[in-house]
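# Descriptive structure summary
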Amino acid sequence: MSILDLFDSGFRSRNKDHFAAIVRVAMSDDIITDDERTFLHRLASRLHISEEEYKQILKDYKTHHINPPTSYDARLERLYDLARMVYADNVLGENQTGILERLAVGLGFSTGNVQYVVDKALKLVHAGVDLDNFMEEIKNMNR
């Protein structure tokens, strides 16, 4: 096995775990709506997850780990994806917010300010900001 194969294997595993975390948010109300399904299909394609892997993750999403990215920007990108998933069905439930807070802690955000970060993230996504503006706003939310 080459180094490239090892790198690719780790990269794909992280993508699957990230995707499973988003499925976990979608399943927080025990239903995947059509909007959530559309978002999941788009995200699976972007993360290079095959249809077979997609179906398997839907079955066993709770067995995947939340692997936090090493860079702050990558964590913000994942938070953006997760916050968009919460709003995919246009219903923000307490359960979904709690799960998003737990996932954000798993991504490496501090437990001391995770509620503020998640609240700001959800407000930004609800306002329809793009990823670049989302990242800038979260980075500068305390100014």
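About the cut-offs
- Residues numbered from 1 in each chain as written.
- Predicted model: local features only at pLDDT ≥ 70, side-chain atom pairs only at ≥ 80, totals over all residues.
- Heavy atoms only, no water.
- Helix = DSSP H or I, 4+ residues; strand = E, 2+ residues; numbered from the N terminus.
- Buried < 20%, exposed > 50% of the residue type's maximum accessible area, 1.4 Å probe, protein only.
- Areas by Shrake-Rupley, 256 points an atom, 1.4 Å probe, with all protein chains shown as cover.
- Core = buried A, V, L, I, M, F, W, Y, C linked by side-chain atoms within 4.5 Å.
- Contact = heavy atoms within 4.5 Å.
- Axes fitted to C-alpha atoms, helices over the stretch in contact; angles between N-to-C directions.
- Left-handed = near helix turned anticlockwise from the far one by under 90°.
- Salt bridge = Lys/Arg side-chain N within 4 Å of Asp/Glu carboxyl O.
- pLDDT = per-residue confidence, 0-100.
- Expected span 1.5 Å × (residues − 1).
- Arc of directions from axis to C-beta.
- Phe/Tyr/Trp six-rings, centres within 6.5 Å; stacked < 30°, edge-to-face > 60°.
- Lys NZ or Arg CZ within 6 Å of the ring centre and 35° of its normal.

### With respect to the overall build of the protein chain
Counting secondary structure elements, the protein chain contains seven helices and zero strands. In the protein chain, the order of α-helices and β-strands from amino to carboxyl end is α-α-α-α-α-α-α. The buried share of the protein chain, taken over its 143 residues, is 41%. When the accessible area of the protein chain is evaluated, it comes to approximately 8400 Å², of which 49% is carbon and sulfur surface.

### Describing the environment of aspartate 29
The topology assignment puts aspartate 29 in the loop between helix 1 (3-26) and helix 2 (34-46). By relative accessible area, aspartate 29 is classed as partly exposed at 33%. C-alpha separation for the pair aspartate 29 and glutamine 96, spaced 67 residues apart in sequence, amounts to 7.5 Å.

### Remarks on the nonpolar core
Phe19, Leu40, Leu79, Leu100, Phe109 and Phe134 are the most contacted members of the largest nonpolar core, which has 42 residues in total. Of all the secondary structure elements, the ones that give two or more residues to this core are helix 1, helix 2, helix 3 (51-60), helix 4 (72-87), helix 5 (94-106), helix 6 (114-126) and helix 7 (131-139). For this core, the element with the most residues is helix 4, which contributes eight residues. Beyond its immediate stretch of four places on either side in the chain, leucine 100 contacts Leu79, Leu82, Ala83, Val86, Val118 and Leu122.

### Concerning the packing of helix 4 against helix 7
A packed helix pair is summarised by two numbers, namely the angle formed by the two axes and the spacing between the axes. Where helix 4 meets helix 7, the axes come as close as 10 Å, and the angle between the chain directions of the two elements is 115°. Seen along the crossing, helix 4 lies across helix 7 with a hand that is right-handed. Mapping the contact onto sequence places Tyr72, Asp73, Leu76, Glu77, Leu79 and Tyr80 in helix 4 and Leu131, Phe134, Met135, Ile138 and Lys139 in helix 7.

### Some words on the pattern of salt bridges
For the coordinates displayed, the defined rule picks out five salt bridges. The residue glutamate 53 makes a salt bridge to lysine 16 at a minimum N-O spacing of 3.1 Å. In this pair, glutamate 53 sits in helix 3 while lysine 16 sits in helix 1, placing the two residues 37 residues apart along the sequence. A relative accessible area of 26% places lysine 16 in the partly exposed class. Lysine 123 is paired through a salt bridge with aspartate 119; the nearest N and O atoms lie 3.1 Å apart.

### Comments concerning the confidence of the model for the protein chain
When the pLDDT values of the protein chain are averaged, the result is 82; 85% of them are 70 or greater. Per-element mean pLDDT across the protein chain ranges from 69 in helix 1 up to 95 in helix 7. Contacts for the low-pLDDT stretch residues 1-7, under 50 throughout, to residues beyond four places or in other chains number one contact.

### Digging into helix 2
Taking 1.5 Å per residue as the helical rise, helix 2 with its 13 residues ought to reach 18 Å, and the 18 Å between its terminal C-alpha atoms agrees with that figure. The set of residues buried in helix 2 consists of Glu36, Phe39, Leu40, Leu43 and Ala44. Seen along its axis, helix 2 keeps its buried residues to an arc of 135°; they face one direction. Exposed side chains of helix 2 directed beyond 90 degrees from the buried face belong to Asp34, Arg42 and Ser45. Taken from the residues just after helix 2, histidine 48 is the one with a positive phi, measuring 60°.

### What to know about the packing of aromatic side chains
Per the counting criterion, the structure on display carries three aromatic pairs. Ring centres of phenylalanine 19 and tyrosine 54 lie 5.6 Å apart, and the angle between their planes is 45°; on these two criteria the pair is classed as tilted. Of this pair, phenylalanine 19 sits in helix 1 while tyrosine 54 sits in helix 3, placing them 35 residues apart in sequence. Like phenylalanine 19, the residue tyrosine 54 is buried in the burial classification. For the cation-ring pair, arginine 75 lies above phenylalanine 109, with the distance from its terminal atom to the ring centre recorded as 5.7 Å.

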